[in-house]
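Residue-level listing of the chains:
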Amino acid sequence: MTATFVGMPAFPVAAREALGDTQLRHNLAHATHTIRDKRARVVGEMPEWEELRQAGADVKDAALHALDRHLARLEESLTARGAVVHWARDATEACRIVADVARTHGADEVVKVKSMVTQEIGLNEALAADGIAAWETDLAELIVQLGDDLPSHILVPAIHRNRAEIREIFRRQMAASGRPAPADLTDDPRELANAARLHLREKFLRAKVGVSGANFAVAETGTLVVVESEGNGRMCLTLPDVLVSVVGIEKVVPTFADLDVLLRLLPRSSTGERMNPYTSMWHGVTPGDGPQEVHVVLLDNGRSRALGDRVGRQALRCIRCSACLNVCPVYERVGGHAYGSVYPGPIGAILNPLLRGVGNDAQVDSLPYASTLCGACYEVCPVKIDIPSILVDLRTQVVDSHRADRRPKAESVAMRAAAWAFSDSRRLARAERGSGLAGRWLVRLARLPGPGARWTSARDLPTPPRESFRAWWRRTRGSGS
């Protein structure tokens with residue numbers, strides 16, 4: 001697994017900075033409210049929605065429970081249809097495979113379909129280090145790339161940008177990487193989309209190699225599936241001579257019947273549409289039609305680790321719809337960059353620790369705490385991932401991973417002291433008497449700069465009563481007088 005975004009601090013620090021950006025908060029609120037309102041309308045049309053959610057969860061669970069068998073079947077089916085299958089244990093192996101394919105064909109550039117997994121492994125940066133330019137062709141990804149920015153949403157990577165900002169990015173940056181933006185470009189959405197279309201067209205027509213991910217992979221037929229809304233994916237999948245698809249191993253489903261369930265869930269949950277404008281499927285090589293050399297990279301990169309987590313493995317059901325982001329009160333206020341990963345929001349708060357492990361990186365360890373545990377994410381998840389339960393379990397894992405630290409955290413010291421006091425009735429009684437006598441001073445002390453102030457800045461700390469319950473009971477024998 002690659003590192004988090006360069007320079008990203010732990011979530012509490014990054015979130016505090018994001019909260020101070022009023023333009024960001026305005027952009028996020030407008031976009032997330034619009035998307036979730038659309039979703040609510042189209043989901044409301046389906047009285048059987050809850051049954052469909054359960055069916056989607058069952059399909060993914062069945063695939064994960066026999067993942068080894070389905071992956072072997074997928075490889076067999078793809079190979080029979082002329083594709084070359086590669087297995088990558090981590091990001092380094094996957095990037096090397098893609099770069100080797102590009103170099104073999106003398107390509108110094110590739111065109112890309114929007115792909116979370118290639119962002120996860122840092123493919124663009126790895127290719128650039130080998131002298132190969134990777135051009136994003138999804139409109140939002142193009143905006144992020146031209147702006148030397150980072151994606152902040154699963155579905156809408158440039159959700160943190162408004163139209164005026166996009167216009168300025170196009171005018172300043174397009175010329176450096178191809179056809180420049182029109183001199184009279186305005187912030188009208190049609191004009192912005194047309195500028196992107198003209199800029200990308202020359203790249204589509206000259207590219208020898210295309211790179212994609214896959215939303216799903218059907219084991220029985222060797223079919224890879226990409227769903228998208230702009231048609232750029234169709235161009236990347238059909239025009240280049242060579243296609244390389246990087247696919248997480250959790251994307252496999254056994255049959256086309258299973259795929260049907262997921263394709264009914266995904267568009268309603270992601271874009272608030274009844275069906276995707278473009279659903280592309282390919283089965284390896286077809287002579288005379290489309291790419292004549294197809295490579296499929298099946299990527300682990302921590303997924304086996306996540307599969308071994310009894311509580312967290314359900315996160316691998318995720319179909320990347322982003323519904324959980326759009327209802328999350330935390331994400332809506334801080335955006336995706338604060339999570340320090342290409343997987344932001346509630347799903348990112350569990351996926352990143354599951355894929356990378358806890359106890360090794362302060363930024364990753366902070367993510368399970370980036371939630372109010374309100375449960376809204378679970379209510380909208382189309383495959384019923386119980387994100388709040390996984391967050392609580394991961395918090396336990398984070399605490400357990402630091403029990404042997406040479407310098408324990410203040411919270412750990414406080415909990416050990418509480419355990420010492422609570423484990424003996426005489427010690428507890430003395431602590432109660434002491435807190436009653438010094439109650440007001442303890443409250444004031446907790447508000448002084450330091451760990452106590454950080455704790456009480458978001459929590460009430462009531463003044464301890466002068467008389468403990470034990471003392472009251474001994475004095476009154478429970479009579480209440």
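Located above this text is the structure these notes cover.
J.: When you look at the pattern of salt bridges in this model, what are you seeing that I'm missing?
T.: Pairing between side chains of opposite charge can happen when the charged atoms of each approach one another. Using the criterion set out here, one finds 21 salt bridges in the structure. Residues Arg103 and Asp130 are paired through a salt bridge, measuring 2.9 Å at the closest nitrogen-oxygen approach. With Arg103 in helix α5 (residues 91–104) and Asp130 in the loop between α7 (123–129) and β3 (133–136), the pair connects residues that are 27 residues apart, well separated along the chain. The salt bridge partner of Arg161 is Asp149, with a shortest N-O separation of 3.1 Å.

J.: Looking at this structure, how should I read the nonpolar core?
T.: The nonpolar side chains of a soluble globular protein tend to be buried with one another. Formed by 62 residues in total, the largest nonpolar core has its most connected members in Phe11, Ile347, Ile350 and Ile385. Counting residues per element, this core draws most heavily on helix α16 (residues 345–356), which supplies six residues. Contacts of Ile385, omitting those with residues within four sequence positions, involve Gln314, Ala315, Arg317, Cys318, Ile347, Ile350, Tyr378 and Ile390. Within the second largest apolar cluster, 41 residues are counted, among which are Val111, Leu192, Ala217 and Ile249.

J.: I keep staring at the sheet that holds strand β8 (residues 252–253) and nothing clicks. Help me out?
T.: In any sheet, the strands associate via hydrogen bonds between backbone groups, in a parallel or an antiparallel arrangement. Strand order in this open sheet of four strands is β8-β5-β6-β9, and the pairing throughout is mixed. Sheet topology places β8 and β9 (278–282) at the edges, where each strand pairs with a single neighbour. For strand β5 (residues 216–218) and β8, the ladder comprises two bridges, and the chain directions are parallel. The partner of Ala217 across the bridge, within β8, is Val252. With respect to the sheet, helix α12 (residues 256–270) is in contact with β5, β6 (223–228), β8 and β9, its orientation differing from that of β5 by roughly 160 degrees.

J.: I would appreciate a short explanation of the packing of helix α8 (residues 139–146) against helix α9 (residues 163–177) in the present structure.
T.: A packed helix pair is summarised by two numbers, namely the angle formed by the two axes and the spacing between the axes. At a closest axis distance of 9 Å, the pairing of α8 and α9 adopts a crossing angle of 75 degrees. As summarised for this structure, α8 and α9 are arranged roughly perpendicular, according to the angle between their axes. Where α8 abuts α9, its residues Leu139, Leu142, Ile143 and Leu146 lie against Ile166, Ile169, Phe170, Gln173, Met174 and Ser177. Its residues assigned to classes, the contact of α8 with α9 comprises eight nonpolar, two polar and no charged.

J.: Help me understand the sheet that holds strand β1 (residues 84–88), please; the structure alone is not making it clear to me.
T.: The strand order β1-β10-β7-β4-β2-β3 describes an open sheet built from six strands, whose pairing is parallel. One side of each edge strand has no neighbouring strand; the edge strands of this open sheet are β1 and β3. Taking each pair of neighbouring strands and ignoring which way they run, the sheet shows an average axis angle of 25 degrees. Two elements, strand β2 (residues 109–112) and strand β4 (residues 209–212), share two bridges in a ladder whose sense is parallel. By the bridge assignment for β4, Val111 is matched with Gly210.

J.: Can you walk me through the environment of Glu220 in this structure?
T.: As for its position among the elements, Glu220 is in the loop between β5 and β6. Taking relative accessible area as the criterion, Glu220 reaches 33% and is therefore assigned partly exposed. Sequence-wise, Glu220 and Glu76 are 144 residues apart; in three dimensions their C-alpha atoms are separated by 9.0 Å.

J.: Please clarify how a positive patch on the surface should be interpreted in this entry.
T.: Together, Arg430, Arg433, Arg474 and Arg477 make up a region of like positive charge exposed at the surface. When you line up the elements, Arg477 lands in the segment after α24 (469–476). In this structure Arg477 comes out as exposed when scored by relative accessible area, which is 63%.

J.: For this particular structure, what's the right way to read helix α3 (residues 49–65)?
T.: Three- or four-residue spacings in an α-helix give side chains the same orientation, since the helix completes a turn every 3.6 residues. Its 17 residues give α3 an end-to-end C-alpha distance of 24 Å, which sits within 8% of 24 Å, the value for a rise of 1.5 Å per residue. Looking at α3, one finds that the buried residues are Trp49, Leu52, Arg53, Gly56, Ala57, Val59, Lys60, Asp61, Ala63 and Leu64. Residues of α3 that are buried make contact with α2 (22–44), α4 (67–80), β8, α12, α13 (303–307) and α18 (376–380).

J.: I'm lost on a nonpolar patch on the surface in this one. Help?
T.: Nonpolar side chains collect at one region of the surface, where Leu205, Met235 and Leu239 lie side by side and expose about 280 Å² of accessible area between them. For Leu239, a relative accessible area of 39% corresponds to the partly exposed category.

J.: Teacher, can you tell me more about unusual backbone geometry here?
T.: A negative phi angle characterises most non-glycine residues, just as the trans form characterises most peptide bonds. A positive phi angle, close to 55 degrees, is found at Asn301, a residue other than glycine. Here Asn301 lies in the loop between β10 (293–299) and α13. A positive phi angle, near 55 degrees, is found at Lys384, a position not held by glycine. As for its position among the elements, Lys384 is in the loop between α18 and α19 (387–401).

J.: Which parts of the structure should I look at to understand the pairing of β6?
T.: Look at any regular strand and the pattern is simple: side chains alternate between the two faces of the sheet. Across the six residues that make up β6, a large majority, six, are buried. A two-sided burial pattern is seen for β6, the buried positions comprising Thr223, Val225 and Val227 on one face and Leu224, Val226 and Glu228 on the other. Pairing between β5 and β6: three bridges, direction antiparallel. Of the residues in β6, the one forming a bridge with Ala217 is Leu224. Connecting β5 to the antiparallel partner β6 that follows it, the hairpin turn spans four residues, and Gly222 within it adopts a positive phi of roughly 70 degrees. Bridging between β6 and β9 involves five bridges; their strand directions are antiparallel. Directly across from Val225, in β9, lies its bridge partner Met281.

J.: Mind showing me how you'd approach the pairing of strand β7 (residues 242–248) here?
T.: The element β7 is largely enclosed, with a buried count of seven among its seven residues. Judged by which residues are buried, β7 turns out to be covered on both faces: Val242, Val244, Val246 and Gly248 on one side and Leu243, Ser245 and Val247 on the other are all buried. Bridge count for β4 against β7 is four bridges, and the pairing is parallel. What sits directly across from Val211, in β7, is Val244. Sheet analysis places β7 next to β10, joined by seven bridges and oriented parallel. Its bridge partner being in β10, Val247 is matched across the sheet by Leu298.

Scoring rules and cut-offs
- Residues numbered from 1 in each chain as written.
- Predicted model: local features only at pLDDT ≥ 70, side-chain atom pairs only at ≥ 80, totals over all residues.
- Heavy atoms only, no water.
- Salt bridge = Lys/Arg side-chain N within 4 Å of Asp/Glu carboxyl O.
- Helix = DSSP H or I, 4+ residues; strand = E, 2+ residues; numbered from the N terminus.
- Core = buried A, V, L, I, M, F, W, Y, C linked by side-chain atoms within 4.5 Å.
- Buried < 20%, exposed > 50% of the residue type's maximum accessible area, 1.4 Å probe, protein only.
- Contact = heavy atoms within 4.5 Å.
- Pairing = 2+ DSSP bridges.
- Axes fitted to C-alpha atoms, helices over the stretch in contact; angles between N-to-C directions.
- Parallel < 35°, antiparallel > 145°, perpendicular 65-115°, else oblique.
- Nonpolar A, V, L, I, M, F, W, Y, C, P; charged D, E, K, R; others polar.
- Patch = residues over 30% accessible without salt bridge, like charges linked within 9 Å, V, L, I, M, F, W, Y side chains within 5 Å.
- Areas by Shrake-Rupley, 256 points an atom, 1.4 Å probe, with all protein chains shown as cover.
- Lys, Arg positive; Asp, Glu negative; His and termini not counted.
- Charge placed at Lys NZ, Arg CZ, Asp CG, Glu CD.
- Expected span 1.5 Å × (residues − 1).

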